[in-house]
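What the coordinates show
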Amino acid sequence: MLEEKVQKNFLEEIIENDLKEGKVKAIQTRFPPEPNGYLHIGHAKSICINFGLAQKYGGKTNLRFDDTNPVKEDTEYVDSIKEDIKWLGFNWAIERYASDYFEQLYQWAIELIKKGKAYVDDQTNEEIRLNRGTVTSPGKDSPYRNRSIEENLQLFEQMREGKFADGEKTLRAKIDMAHPNMNMRDPIMYRIIHTSHHRTGDKWCIYPMYDYAHGESDSIENITHSICTLEFDIHRPLYDWFIEQLGIFPSHQYEFARLNITNTVMSKRKLLQLVKEGYVKGWDDPRMPTICGLRRRGYTPESIRNFCEDIGVAKRDNLIDYSRLEGSLRDDLNKRADRVMGVLHPIKLIIDNCPDDFVDELEAVNNPEDESKGTRKITFSNTLYIEADDFMEDAPKKYFRLTPGQEVRLRYAYIVKCTHCDKDENGNVIAVHCTYDPASRGGNATDGRKIKGTIHWVNAKDCVNAEVRLFDRLFDAEIPDKVEEGKTFLDNLNPNSLTVLKNCKMEKAVIGAEHLKKYQFERLGYFSVDYDSTKDYLVFNRTCTLKDSWAKQK
RNA sequence: UGUCCUAUGGUGUAAUGGUAACACAACUGAUUUUGGUUCAGUCAUUCAUAGUUCGAAUCUAUGUAGGACAACCA
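Quick look at the structure, then. In this text the structure is predicted, and so the values were computed from the model without any measurement.

1. Describing the sheet that holds strand E10 (residues 338-340)
Across the sheet, seven strands lie side by side as E10-E23-E24-E25-E21-E22-E11; this open sheet has mixed pairing. In the strand order of this sheet, the two ends are held by E10 and strand E11 (342-343), each with one partner. Here five bridges tie strand E24 (residues 525-529) to strand E25 (residues 538-545), and the two strands are oriented antiparallel to one another. Bridge assignment links Gly525 to a residue of E25, and that residue is Thr545.

2. Structural notes on the sheet that holds strand E20 (residues 457-459)
An order of E19-E16-E17-E18-E12-E15-E20 is seen for the seven strands of this open sheet, with the pairing classed as mixed. Every interior strand has two partners, whereas the edge strands, strand E19 (454-455) and E20, have only one. Across three bridges, strand E15 (residues 383-387) lies against E20 in antiparallel orientation. The residue of E20 that forms the bridge with Leu384 is Asn459.

3. Concerning the protein's contact with RNA strand B
Near RNA strand B you find 66 residues, and of these Glu13, Thr68, Gly442, Gln520 and Arg523 are the closest. Sugar and phosphate atoms form 59% of the subset of RNA strand B atoms that lie within 4 Å of the protein. Arg523 is positioned such that a nitrogen or oxygen atom in its side chain is 2.7 Å from a phosphate oxygen of RNA strand B. At a separation of 3.4 Å, a sugar or linking oxygen of RNA strand B approaches a polar side-chain atom of Asp548. Contributions of two or more residues to the surface near RNA strand B are made by helix H5 (125-131), strand E6 (188-192), helix H12 (322-336) and helix H13 (549-553).

4. Observations regarding the packing of aromatic side chains
In this structure the tally under the stated criterion is 25 aromatic pairs. Taking 5.0 Å as the distance between ring centres and 20 degrees as the angle between the ring planes, the aromatic pair formed by Phe65 and Tyr97 counts as stacked. Highlighted residues: Phe65 in strand E2 (residues 60-65) and Tyr97 in strand E3 (residues 95-97), separated in sequence by 32 residues. No difference in accessibility class separates Phe65 from Tyr97, as the two residues are buried. For Arg160, the ring lying beneath its charged end belongs to Tyr106, and the centroid distance is 4.4 Å.

Cut-offs applied
Residues numbered from 1 in each chain as written. Chains lettered and ligands numbered in written order. Predicted model: local features only at pLDDT ≥ 70, side-chain atom pairs only at ≥ 80, totals over all residues. Heavy atoms only, no water. Pairing = 2+ DSSP bridges. Helix = DSSP H or I, 4+ residues; strand = E, 2+ residues; numbered from the N terminus. Near = heavy atom within 4 Å. Polar contact = N/O pair within 3.5 Å; in protein donor to acceptor, adjacent residues only side chain to side chain. Phe/Tyr/Trp six-rings, centres within 6.5 Å; stacked < 30°, edge-to-face > 60°. Buried < 20%, exposed > 50% of the residue type's maximum accessible area, 1.4 Å probe, protein only. Lys NZ or Arg CZ within 6 Å of the ring centre and 35° of its normal.

So this is what it looks like as structure tokens:
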């Protein structure tokens, strides 16, 4: 893990080559989110690639908001995006907005009109669509395609001045209506939108389209490597065309395959729908694949970065198993999370040969992976809580926990031997009885006998209550979007993705833990303190379970 | 019925004409006061066919499969 990675991905290959051949002196990348939603794990991959590459090769990365569509964008999203990038551990060189370049873009549009490379079209939305043709048949020229330069100039100026209603006119690049690539069939450069913009207010009523704004913004910022996802591959000829016609700094676009993860959806539109229609409790619901959701769930920035590094970068479609993300998380938290004992489904364990006034204080290790984390004291009495499934009246032979006649070790405490259990009138186990071996203090048998099982516990006499939220996959289906006719991804929602336990028992060490503090509850998993947690009412999110080879064996 | 992209173990990613490698998962076994961690071991005739070559995962051709593209979205 520490050794230098020798395998280079195709982007590193390209960059090293450009640097070696002197095509660029230093690399400059950018991360270009549209402020119309919250960032998700797929964006994290893009962020890691863009910032990571620049870091690795001594270049810089700009943050540029692609805010060319005022009807969808909002400052709420700008703020969350910046917060998430910082939280992931990256710093941008400069913060820019495509809207910063509206005037320059406008001037360049005039330049293209003057060169006879752009024209104002009066066709309606419908007409434009019809005349564009299809992927298998060519389009038809607009009747307005051959207007004079003077007329185009005048009309375009009037568009800017607000002389026309939304949709009445567009500015189009004059390329080729029969081009096999649909993007080259006289793409729209500007449309009229009389909507106030989150940054420019009502200064503009014409807004540039992505294809025109993006490459030109890259060029203005001297972006050397403009890295995006595969679906923009087909836009590259247009990206290059604008830059070439304008004769400006030649940024180049490179495409990689976007991240897909099992049992989750990654489209901003669908995530927005989940939030708006109340299927989750917000953008930062711990079941969401958003950065803020993962953060609240208990993920660390390191684990997300390691995950993105692990999955690599290439151009073929991929589907990463969700457990891979959990693997990166466990890897990180195993080294860093303090251990603590907590019981999710408590039942009483009564030690019959232990006096009622018996009090003992034992020493527990905070993190076996990190000695510097030290130890803490835990208290012990004759009445404890243990996990309900750590007792079975009729147990299979390989069950190493409590069952009548069997000995187990109470972690850091004593060896106990199960004797019997109490049941209510319905036959449910309500308490387990045992005797303890006073000589085994700390957990070691004096006669050297082997104890197979060790279970966690808390002292019923001084533990604290806590709420614990358990999460399961938000979607049952591996690919939620793969649905039969007439169904949607919503039909694949897992109705049991959230379980709230309100009667959990924790050792006192967790009192006062700040939000987002991470623990490993021994034998159970990793847990993070939720934002809803207060001094008087503890709330934990289970980030993920520990690997459980016993569950598989069963 | 077009153009473009892609195809290597269960999942990802390497191998840049010269012995198919690494990680994760899975499965064995060892260690273990977390059924965790850790350690050791096992797990592929590179989508198909034909060709070029002393030699092909890599180059060529033809298929096949998957994906993208017909928003005044990005």
